[in-house]
Amino acid sequence: MTYFPYFRGKQFELIAVRESAAILAKNQFVPIIEPVRSDPAALRRAVLAMSEANGHVCVIINPAFGQRSSKAGTLSDLLGLPEHEIGPRVIAGVLATEYMDIAGVRNLLTSCENRDVMVIHDGFSQGRSLADLAPGFPNWKTDVFIEETAGRLYRRHFMSAPHAPQRRRVLIEDGFDRKRNRDYSGVSPFTELNVVYSDLGMDGFGDFLTVGNHYSDGGGPAYAVAIHLTFVSRDHEDSLFLEHFVSDSNDTPADPGGKFAQALEKLVACISDEPARFVETTAINEFKELYRRQHYPGLGYVKKLSMIHHMETVAASLNRSIP
């Protein structure tokens, strides 16, 4: 278990997990899903796809965003399944945020006593007290640190705490520089964690893929369409970079299909000119097919393809199968 992609559980994200389940499981990647929708159907399909592929998946039981953010639930509530039908590879995620106290985290850990637990550290302030709880919860198997909100002083409590060697340690970084679509251009660095995570004392790494850590329930009209594609930079010791393909007609929100065609034409031209830059993923092949058909599938679909390409590129980079 090396790579832990973090999803907020919108529809296109859950479809990306479902369609990538075989690749995620084969590479022992563990998707972390923070459910933000009250309807369990799409979440259940994604989780069952991971289980059927014999892969692990983490579902956060106390999401901080979206329609389920008001109170914690159980995996059974979140998935709409009885507990005995939820496979053992489904991990309960406990999100430790700045708005929680030690008693609240303890209660959540206690509620998950019959299942492996992953604690996601995202702004919680009582690091020493939380680390002291660990010996009492042997099913607490993984610590995930959000880099922006769980700094080195906080993390050190969990690096040397009792039984820490028996728990996996994962660092998640938001490498996506969020801007207006029209403001993207060229190439930007994404992360070097894929290369240096073990040097930082971590057993794995993660990211928020090509959508970033920012969450909003909806979005305004798109004045520009941007397609973000991940690649491994040989010039930067195999760290990950993004190339941004942006439409040209960006003065009004009209004609999103035409804007997508402009961005897609740039993407296909780049692949043709520099075929070794990008891993030939299933998403790349689908982008080519969309270009051939001159079809606009909607912005959510485009984001899904970008995320699938990202996960397959990470897999190829860790397997050293990049040309």
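Residues numbered from 1 in each chain as written. Predicted model: local features only at pLDDT ≥ 70, side-chain atom pairs only at ≥ 80, totals over all residues. Heavy atoms only, no water.

## Details of the overall build of the chain
Point 1. Summing up its helical and strand segments, the chain has eleven helices and eleven strands in all.
Point 2. In terms of overall dimensions, the chain is globule-like: its C-alpha atoms have a radius of gyration of 20 Å, near the 20 Å expected for 323 residues.
Point 3. If you line up the chain on its principal axes, its C-alpha atoms span 55 × 40 × 35 Å.
Point 4. Sorting the 323 residues of the chain into buried and exposed places 52% on the buried side. (Helix = DSSP H or I, 4+ residues; strand = E, 2+ residues; numbered from the N terminus. Rg over C-alpha atoms; globule rule 2.2 N^0.38 Å. Buried < 20%, exposed > 50% of the residue type's maximum accessible area, 1.4 Å probe, protein only.)

## Points about the pairing of strand 3 (residues 57–60)
Point 1. Of the two faces of strand 3, the one holding Val57 and Val59 and the one holding Cys58 and Ile60 are both buried throughout.
Point 2. Summarising the sheet, strand 2 (residues 32–33) and strand 3 pair through two bridges and their orientation is parallel. Residue pairing in the sheet places Ile33 in a bridge with Val59 of strand 3.
Point 3. Handedness of the crossover is the feature at issue here: the chain leaves strand 2, passes through helix 3 (residues 41–52), returns alongside strand 3, and the resulting connection is right-handed.
Point 4. Of the pairings in the sheet, the one linking strand 3 to strand 4 (residues 90–97) comprises four bridges and is parallel in character. By the bridge assignment, Cys58 is partnered in strand 4 with Ile91. (Pairing = 2+ DSSP bridges. Right-handed = clockwise from strand over helix to strand, strands pointing away.)

## Remarks on the packing of helix 1 (residues 11–19) against helix 11 (residues 299–318)
Point 1. Taken N-terminus to C-terminus, the directions of helix 1 and helix 11 make an angle of 40 degrees; their axes are 9 Å apart at the nearest point. By the angle between their directions, the pair helix 1 and helix 11 is classed as oblique. The two elements helix 1 and helix 11 meet at a crossing, and its hand is right-handed. For the pair helix 1 and helix 11, contact is made by Phe12, Glu13, Ile15, Ala16 and Glu19 and by Gly300, Lys303, Lys304, Met307, Ile308 and Met311, respectively.
Point 2. Among the residues forming the contact of helix 1 with helix 11, the class breakdown is six nonpolar, one polar and four charged. (Axes fitted to C-alpha atoms, helices over the stretch in contact; angles between N-to-C directions. Parallel < 35°, antiparallel > 145°, perpendicular 65-115°, else oblique. Left-handed = near helix turned anticlockwise from the far one by under 90°. Contact = heavy atoms within 4.5 Å. Nonpolar A, V, L, I, M, F, W, Y, C, P; charged D, E, K, R; others polar.)

## Here we look at the nonpolar core
Point 1. Core analysis: the biggest nonpolar cluster contains 87 residues, and Leu109, Leu130, Trp140, Ile227 and Phe287 have the highest contact counts within it.
Point 2. Filtering out sequence-adjacent residues up to four positions away, Ile227 remains in contact with Glu243, His244, Phe245, Phe260, Ala263, Leu264, Leu267, Phe287 and Val302.
Point 3. Counting 15 residues, the second largest nonpolar core, distinct from the first, contains Ile60, Leu95, Ile146 and Val170. (Core = buried A, V, L, I, M, F, W, Y, C linked by side-chain atoms within 4.5 Å.)

## What to know about the sheet that holds strand 11 (residues 239–246)
Point 1. A sheet is described by the order of its strands in space; here three strands give the open sequence 8-11-10, paired in antiparallel fashion. Two strands bound the open sheet, and with one partner strand each, they are strand 8 (187–191) and strand 10 (226–233). Going from strand to strand, the sheet's axes swing by 35 degrees on average, the running direction of each strand aside.
Point 2. Sitting on the sheet, helix 11 is in contact with strand 8, strand 10 and strand 11, with an inclination near 5 degrees to strand 10.

## Digging into the packing of aromatic side chains
Point 1. Counting across every chain of the model gives twelve aromatic pairs.
Point 2. Of the aromatic side chains, those joined through ring pairs into one cluster are Tyr3, Phe29, Tyr197 and Phe205.
Point 3. Directly above the aromatic system of Phe231 lies the positively charged group of Arg277, at a separation of 4.7 Å from the ring centroid. (Phe/Tyr/Trp six-rings, centres within 6.5 Å; stacked < 30°, edge-to-face > 60°. Lys NZ or Arg CZ within 6 Å of the ring centre and 35° of its normal.)

## Points about the environment of Ile308
Point 1. Relative to the helices and strands, Ile308 is located in helix 11.
Point 2. Residues Ile308 and Thr210, 98 residues apart in the sequence, show an inter-C-alpha distance of 9.6 Å.
Point 3. For Ile308, the residues in contact, after removing those within four places along its chain, are Ala16, Glu19, Ser20, Thr282 and Ala283.

## A closer look at the side chain of Thr313
Point 1. Locating Thr313 in the fold gives a position in helix 11.
Point 2. Polar contacts involving the side chain of Thr313 include one to the main-chain carbonyl oxygen of His309, which spans 2.8 Å. (Polar contact = N/O pair within 3.5 Å; in protein donor to acceptor, adjacent residues only side chain to side chain.)

## Some thoughts on the layout of surface pockets
Point 1. Within this model, the second largest pocket holds a volume of roughly 340 Å³.
Point 2. Ala64, Phe65, Thr97, Tyr99 and Asp122 are, among the 17 residues lining the second largest pocket, the residues nearest its centre.
Point 3. Class assignment of the residues belonging to the lining of the second largest pocket gives a composition of seven nonpolar, six polar and four charged. (1 Å grid on protein atoms, 1.4 Å probe; cavity = no way out; pocket = protein on both sides within 12 Å on 5 of 7 lines; lining within 4 Å. Points joined across faces, edges and corners; volume = space filled by probe spheres on them.)

## Observations concerning the state of the cysteines
Point 1. Within the structure shown, the criterion is met by zero disulfides.
Point 2. Cys58 forms no disulfide, and the closest cysteine sulfur to it belongs to Cys112, at a distance of 9.6 Å.
Point 3. You can call Cys58 buried: its relative accessible area is 0%. (Disulfide = S-S within 2.5 Å.)

## Remarks on the sheet that holds strand 1 (residues 3–7)
Point 1. Pairing is parallel around the closed barrel formed by eight strands, whose spatial order is 1-2-3-4-5-6-7-9.
Point 2. In this sheet, strand 2 lies alongside strand 1 in parallel orientation, the contact comprising two bridges. Within strand 2, the position partnered with Tyr6 by the bridge is Ile32.
Point 3. The sheet strands contacting helix 11 are strand 1 and strand 9 (204–207), and the helix crosses strand 1 at an angle near 170 degrees.

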